[in-house]
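Summary of the model geometry
Here is what each chain is made of, one letter per residue.
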Amino acid sequence: MGEFELIRRYFFPIAEAGNTSAVLLGPGDDCAIQRVEPGRDLVFSVDTLVEGVHFPRDYDPEKLGWRSLAVAASDLAAMGADPVCFTLALTLPDADPDWLHAYAAGLASAAAQFGLSLAGGDTTRGPLTLSLQVHGTVPQGQALQRSGARAGDYVCVSGTLGEAGAALKFLGSQNPGPDEQSVLDRYHYPASRLSLGAALRGCASATVDISDGLVADLGHILEASGVAASIDIAKLPLSATLNRLVGEEAVNLAMNAGDDYELCITISPKAWEGLPEEIRSQLTIIGEVTSGEGLAITHEGQSLAPAAGGYDHFRT
Ligand SMILES: Nc1ncnc2c1ncn2[C@@H]1O[C@H](COP(=O)(O)OP(=O)(O)O)[C@@H](O)[C@H]1O
Ligand SMILES: Cc1ncc(C[n+]2csc(CCOP(=O)(O)OP(=O)(O)O)c2C)c(N)n1
Ligand SMILES: [Mg+2]
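A quick note: this is a predicted structure, and the numbers were derived from the prediction, not measured. Sequence positions are assigned chain by chain, starting from 1 and proceeding in written order. Chains carry letters and ligands carry numbers; both start at the beginning, A for chains and 1 for ligands, and go up in the order they are written. Given that the model is predicted, a residue must reach a pLDDT of at least 70 before its local features are reported, and side-chain atom pairs must reach 80 or more before they are shown or counted; all residues, however, enter totals for whole chains, interfaces and linings.

1. Quick word on the domain arrangement of the chain
Along its sequence, the chain is carved into domain 1 (3-139) and domain 2 (154-304). Reported domain spans reflect what an automatic or database domain assignment gives. Between domain 1 and domain 2, the C-alpha centre-to-centre distance is 26 Å. Residue pairs qualify as contacts under a 7 Å threshold applied to their C-beta atoms, which are placed from the backbone. Contacts between domain 1 and domain 2 engage 18 residues on the former and 18 residues on the latter. Secondary structure elements are defined from DSSP: runs of H or I of at least 4 residues count as helices, runs of E of at least 2 residues count as strands, and each element is numbered from the N terminus. Going through the elements one at a time, α2 (61-78) and β4 (82-92) are the ones with two or more residues in the side of domain 1 that touches domain 2. At eleven residues, α2 tops the list of elements feeding residues into the side of domain 1 that touches domain 2. Amino acids are sorted into nonpolar (Ala, Val, Leu, Ile, Met, Phe, Trp, Tyr, Cys and Pro), charged (Asp, Glu, Lys and Arg) and polar (every other residue, Gly among them). Residue composition of the side of domain 1 that touches domain 2, grouped by class: twelve nonpolar, two polar and four charged.

Given below as structure tokens:
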């Protein structure tokens, strides 16, 4: 199978299944063409996944198909963008039809689920690496950013934290029990809170998605906004499953492990009161923004030393 046959066989069908009218030209030419409606801003981001770094060696290709798009889409969620389309740069050690079939199937279901049309890409031979560029749009000037947090805002997170991090221990399990399977699914099928992100436009003061860990990613908001915050670990949303599986380590995983792809947001108390209950129920208030700099961590009022954390590709 040659390069072009591979692309036609496995990826053109995904592009054809996407029905985004904003993609005027999909794969097959030198570039794709996306029309951006007047009055909207284009919001875009690229994320790379490397075998052995972002996912284990010999990882199930169907899960990789889903996961690769989900983690990229999560950046659109963090900006409050409505998803439109994506490109896929695929570097493969060889053209294995079974692998490609399964990868394409996982990717196709994520593309349909997230409303992202495949618009183009690039296919090369080399160590397994995937780069996905995602495009979304927002009404002009309304993209959520890391820089808007103000003293007095609440700090909130969506969903529950720490399970995807816990899953790393069980990735090699032959016979995972129900709790193990449930955290493994959080790793294999990350959330990407696209509709939550869009619903927070005009309400949240700052947003970030939690890829590297809560402490690190909230740290990005604090730095970009020039503020400090305190969070109470007793308020962290931890699932019963995580508590059963890892006991006291749950807090550390929730704070530092990453891979959750939940949103961390700041929001003024007034905007919080104005949120529909359906949106508030997806969020947990874990602390508040203060003036100054840095993140203070407390446990029921007692202050704790901040654990150094978060995933950093180059920290030695
Ligand atoms: N090689 C690069 N050249 C230009 N900008 C980059 C590069 N790598 C990362 N960035 C930018 O630095 C910021 C932080 O990157 P990253 O931590 O990967 O963000 P995210 O967690 O949202 O994927 C982003 O705005 C990203 O666009
Ligand atoms: C097999 C495996 N080991 C370790 C991890 C943990 N891990 C690797 S990269 C990463 C952080 C997210 O990756 P990054 O490239 O920083 O994503 P971005 O912030 O750019 O979205 C984490 C938590 C993992 N996901 N899989
Ligand atoms: Mg990135």
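Moving on from the model shown.
2. Considerations on the sheet that holds strand β11 (residues 283-290)
What the seven strands build is an open sheet, ordered β8-β10-β7-β11-β9-β12-β13; its pairing is mixed. Bordering the open sheet on either side are β8 (204-209) and β13 (302-304), each of which pairs with just one other strand. In this sheet, adjacent strand axes meet at a mean angle of 30 degrees when their direction is disregarded. Pairing geometry for strand β7 (residues 154-158) and β11, over five bridges, is antiparallel. Paired with Tyr-154 across the bridge in β11 is Glu-288. In this description, a line fitted to the C-alpha atoms serves as the axis of each element, helices being fitted only across the stretch in contact, and the angle between N-to-C directions of two axes falls anywhere from 0 to 180 degrees. This element, α2, spans β8 and β10 (263-267) of the sheet and lies at about 170 degrees to β8. Pairing between two strands requires that DSSP report at least two bridges joining them.

3. Some thoughts on the sheet that holds strand β5 (residues 117-125)
The strand order across the open sheet formed by four strands is β3-β6-β4-β5, and the pairing between neighbours is mixed. Looking at the sheet topology across the chains shown, the edges are occupied by β3 (40-50) and β5. Across this sheet, the average inter-strand angle for adjacent strands is 15 degrees, counted without regard to direction. One ladder, built from eight bridges, connects β4 with β5; its direction is parallel. Residue pairing for β5: Leu-88 is matched across the bridge by Gly-121.

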